[in-house]
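A look at the structure
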Amino acid sequence: GQNIDQPTEMTATEGAIVQINCTYQTSGFNGLFWYQQHAGEAPTFLSYNVLDGLEEKGRFSSFLSRSKGYSYLLLKELQMKDSASYLCAIWAGNQFYFGTGTSLTVIP
Amino acid sequence: ETGVTQSPTHLIKTRGQQVTLRCSSQSGHNTVSWYQQALGQGPQFIFQYYREEENGRGNFPPRFSGLQFPNYSSELNVNALELDDSALYLCASRQPGQGDYGYTFGSGTRLTVV
C-alpha cells in the first residue's frame, strides 16, 4: 500500500482559506492528484503535481514535496458549494491509490 | 454530465447472488478502470482494461471480473456477493494520449448487499 493519510473532517468559514494536508509513504510515483467528490457524485479532477512546488488553478492550489512525503490542497475564497470530500491520490503502476478523503464543511 | 455513464445508479442484492454493473465511456476512451469505494473510505483499484484486455489488477479476489467491449462500454461482474461488497463502484476512463490526469470518473453504482 501507499499509506496515504488525510484528516477525516475539516470545517471552515465562507470566504476564508483552508489547507487540506496529505502525507504518504511510497517508494515512487508518477504524480499526486487531488479530486473533489460531492456526495453521490463522481470524483472530479482538481489539481495534479509531478514536480515539487506549487500548482495554481484559480481558487485551488496544490503543493508537493517529494522529499517530505507531503502535499496540500489550498482552497481560497471558500464558497458554500466547496463543501465536499477531497481525495488525495497517488498515481503509480497504472492505478490511483487514494487516501480516505477529507470531508470539508463550509459554514456561513 | 461527465461523459462516463454508469448503470444502474442503485442496486440491492442478496448475499450469494451475482451482479453486473455497467459503464459507458466516451468514444475513443480505450482505457477503463474500476474502483470500489466503501462508505467513508477512498476508492480502491479493482482492475483496468485496455483495448479489451485486463492490464492491471488490485487486491481483489477472482470473483470480481470484468469485460470491455469495442463500443467503449465495460462491465464489472461480482459473483457470490458478500455483505462487505456493499460499496459505491466507480468506473473511470481516458482517451489514448491523455496523461494520467485525463481520467473521467462516472457517478458510480451504489450496491447494497443484504
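Report follows, based on the coordinates. All values reported here derive from a predicted model rather than from experimental measurement.

Rules of the game
Residues numbered from 1 in each chain as written. Chains lettered and ligands numbered in written order. Predicted model: local features only at pLDDT ≥ 70, side-chain atom pairs only at ≥ 80, totals over all residues. Heavy atoms only, no water. Contact = heavy atoms within 4.5 Å. Buried area = accessible area lost by both parts, 1.4 Å probe. Salt bridge = Lys/Arg side-chain N within 4 Å of Asp/Glu carboxyl O. Polar contact = N/O pair within 3.5 Å; in protein donor to acceptor, adjacent residues only side chain to side chain. Helix = DSSP H or I, 4+ residues; strand = E, 2+ residues; numbered from the N terminus. Nonpolar A, V, L, I, M, F, W, Y, C, P; charged D, E, K, R; others polar. Buried < 20%, exposed > 50% of the residue type's maximum accessible area, 1.4 Å probe, protein only. Pairing = 2+ DSSP bridges. Axes fitted to C-alpha atoms, helices over the stretch in contact; angles between N-to-C directions. Core = buried A, V, L, I, M, F, W, Y, C linked by side-chain atoms within 4.5 Å.

1. Regarding the interface of chain B and chain A
At the junction of the two partners, chain B supplies 18 residues and chain A supplies 18 residues. The junction of chain B with chain A conceals about 1500 Å² of combined surface from both sides, 58% of it contributed by carbon and sulfur atoms. Scanning the region where chain B abuts chain A turns up zero salt bridges. Applying the counting criterion to the chain B and chain A interface returns two residue pairs in polar contact (both at pLDDT 80 or more). For the side of chain B that touches chain A, the secondary structure elements donating two or more residues are β4 (31-37), β5 (44-50) and β9 (87-94) of chain B. Split by residue class, the side of chain B that touches chain A holds eight nonpolar, nine polar and one charged.

2. Observations concerning unusual backbone geometry
Residues and elements named next belong to chain B. Residue proline 8 is bonded to the preceding serine 7 through a cis peptide linkage, with omega at -10 degrees. Here proline 8 is to be found in the loop between β1 (5-7) and β2 (10-13). Even without a glycine there, the phi angle at arginine 51 is positive, about 50 degrees. Considering the arrangement of structural elements, one finds arginine 51 in the loop between β5 and β6 (53-57). When its relative accessible area of 58% is taken as the criterion, arginine 51 is described as exposed.

3. A short note on the sheet that holds strand β7 (residues 64-68) of chain B
All names here are of chain B. The sheet built from four strands is open, its strands ordered β1-β3-β8-β7 with antiparallel pairing. The sheet terminates laterally at β1 and β7, the two strands that pair on one side only. With direction set aside, neighbouring strand axes in the sheet form an average angle of 20 degrees.

4. Side note on the sheet that holds strand β5 (residues 53-57) of chain A
Residues and elements named next belong to chain A. In spatial order, the strands read β2-β7-β6-β5; together these four strands make up an open sheet with antiparallel pairing. Edge positions in the sheet fall to β2 (18-23) and β5, since each of these pairs with one other strand and no more. When strand polarity is set aside, the average angle formed by the axes of neighbouring strands in this sheet is 15 degrees. Taken together, the five bridges between β5 and strand β6 (residues 60-65) define a ladder with antiparallel strand orientation. Within β6, the position partnered with glutamate 56 by the bridge is serine 61.

5. Focus on the nonpolar core
Of all hydrophobic cores here, the largest spans 22 residues; its most connected members are Leu32, Trp34, Leu75, Tyr86 and Leu104 of chain A. Contributing elements (two or more residues each) for this core: β2, β3 (31-37), β6, β7 (70-75), β8 (84-92) and β10 (102-107) of chain A. With five residues, the top contributor of residues to this core is β8 of chain A. In terms of nonpolar packing, the next biggest core, distinct from the first, is built from 20 residues, Val4, Val32, Ile46 and Val78 of chain B among them.

Without other data, these values stay purely geometric and don't point to any function.
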